[in-house]
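Breakdown of the fold
Residues per chain are reported as follows:
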Amino acid sequence: MISSIAELIADRIGTMPAGERRAAQTLIASYPMIGLKTVAEFSTAAGVSSPTILRFVARLGFQNYPEFQSSLQDELAAQLQSPAIRTLNPPSPGGGTVSPMLEATLDNMRETFRHLSDKQLADIAARLADRRGKTFLIGGRFTDPLARYMAAHLAVIQPDVFHLAGQESMWRDRLIDMGKRDVLVIFDIRRYQDSLVRFAEKAHQRGVQIVLFTDQWLSPIARFARHVIAGRTAVPSAWDSSAALFVVAETLIGAVTRQLEAGGARRIREMEGLR
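In short, a report on the structure. (Residues numbered from 1 in each chain as written. Predicted model: local features only at pLDDT ≥ 70, side-chain atom pairs only at ≥ 80, totals over all residues. Heavy atoms only, no water.)

1. Some words on unusual backbone geometry
With an omega of -5 degrees, the peptide bond running from tyrosine 31 to proline 32 counts as cis. Here proline 32 shows up in the loop between helix 2 (18-29) and helix 3 (39-46). The omega angle of the peptide bond from arginine 190 to arginine 191 is -10 degrees, so this bond is cis rather than trans. Tracing the chain through its elements places arginine 191 in the loop between strand 3 (183-187) and helix 11 (194-205). Although it is not a glycine, aspartate 160 adopts a positive phi angle of roughly 60 degrees. Relative to the assigned elements, aspartate 160 resides in the loop between helix 9 (144-157) and strand 2 (161-163). With phi around 70 degrees, leucine 218 is a residue other than glycine that occupies positive phi space. Structurally, leucine 218 is set in the loop between strand 4 (209-215) and strand 5 (227-231). Exposure remark for leucine 218: the relative accessible area of 3% places this residue in the buried category. (Helix = DSSP H or I, 4+ residues; strand = E, 2+ residues; numbered from the N terminus. Buried < 20%, exposed > 50% of the residue type's maximum accessible area, 1.4 Å probe, protein only.)

Put into structure tokens, the structure is as follows:
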């Protein structure tokens, strides 16, 4: 599988000098549009020199800046694909109905975890287990079931966990209860939901730490997020698959449960006694 530029950055940012790291962070914050501008415009936005931008591009494995931009343009085209377009351009058949879907889903899981570091997962789990604040979870039209599933599990082992459902106006009303100690977990994959982007920006302005579950092309919410989990979602179907993101969510549920072992077990016993 060809890695997206966001995935390449996630793999290599730990080895980048400070200037290249600023270039990487600037690109992620305005992904992918800043990378489609000229070298001079990109360098100005990142506050680094033009040669630094070219070294950054080379570190990602590109021969030159036009090759880098061509890859970004391909990603942008994939990001904007609708289910209707994918129906008109179906993948080549082969191996029956189940096998291609199964193989693609398994590949998505492997690729997703290949680009996720143990440190990143541990940092997110530690933040979700921090009881000094509240945890809010929300998703888009097709991803909200993942948010609801994760919230249901976290609410069993710790208090102050809330799934945000209903209309956008109801989400905005909850902003009054959010502050710097709180975490907002958002699920958003292509085609990205404008209402979630607006909500994330408002939460970010209040100092809320955002954990974003998205796809390899990155929701615009990435520019507001403290942690970004970029999962693989493309499968031989008109519809994207959230299976890889679901497995990451379950991995984090397990990690948080282990961190809250004593308190979580006590809470579960008390909860059972109330039934």
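2. Notes on the packing of helix 1 (residues 5-12) against helix 2
Think of two packed helices as two axes; the pair is described by the angle between the axes and how far apart they sit. One way to put it is that helix 1 packs onto helix 2 with a least axis distance of 11 Å and a crossing angle of 145 degrees. The interaxial crossing formed by helix 1 with helix 2 has left-handed handedness. Residue-level contacts link Ile5, Ala6 and Ile9 of helix 1 to Ala24, Leu27 and Ile28 of helix 2. Of the residues that constitute the contact of helix 1 with helix 2, the class distribution is six nonpolar, no polar and no charged. (Axes fitted to C-alpha atoms, helices over the stretch in contact; angles between N-to-C directions. Left-handed = near helix turned anticlockwise from the far one by under 90°. Contact = heavy atoms within 4.5 Å. Nonpolar A, V, L, I, M, F, W, Y, C, P; charged D, E, K, R; others polar.)

3. A closer look at the nonpolar core
Counting 44 residues, the largest nonpolar core has Phe56, Phe68 and Leu184 as the members making the most contacts within it. Tallying contributions element by element places helix 11 first for this core, with five residues. Residues contacting leucine 184, with those up to four places away along its chain left out, are Phe136, Ile138, Leu164, Phe199, Ala203, Val208, Gln209, Ile210 and Val211. Core analysis: the second largest hydrophobic core is formed by 29 residues, Leu121, Leu146, Ala255 and Val256 among them. (Core = buried A, V, L, I, M, F, W, Y, C linked by side-chain atoms within 4.5 Å.)

4. A few points about the packing of aromatic side chains
For the coordinates displayed, the defined rule picks out eight aromatic pairs. A centroid spacing of 4.3 Å and a plane angle of 25 degrees characterise the contact between phenylalanine 187 and phenylalanine 213, whose relative ring orientation is stacked. Residue phenylalanine 187 is located in strand 3, and its partner phenylalanine 213 is located in strand 4; the two are separated by 26 residues in the primary sequence. Grouping residues by exposure puts phenylalanine 187 and phenylalanine 213 together as buried. A connected cluster of aromatic rings, assembled from ring pairs, spans Phe62, Tyr65 and Phe68. Sitting over the ring of phenylalanine 162, arginine 174 keeps its end group 5.1 Å from the ring centre. (Phe/Tyr/Trp six-rings, centres within 6.5 Å; stacked < 30°, edge-to-face > 60°. Lys NZ or Arg CZ within 6 Å of the ring centre and 35° of its normal.)

5. A look at helix 11
Look at helix 11: 17 Å from first C-alpha to last across 12 residues, which is about the 16 Å you get at 1.5 Å a residue. The inward-facing, buried residues of helix 11 abut strand 1 (135-139), helix 10 (168-174), strand 3 and strand 4. One or two steps after helix 11, the chain reaches glycine 207, where phi turns positive at roughly 85 degrees. (Expected span 1.5 Å × (residues − 1).)

Read these as layout, nothing more, since geometry by itself doesn't imply function.
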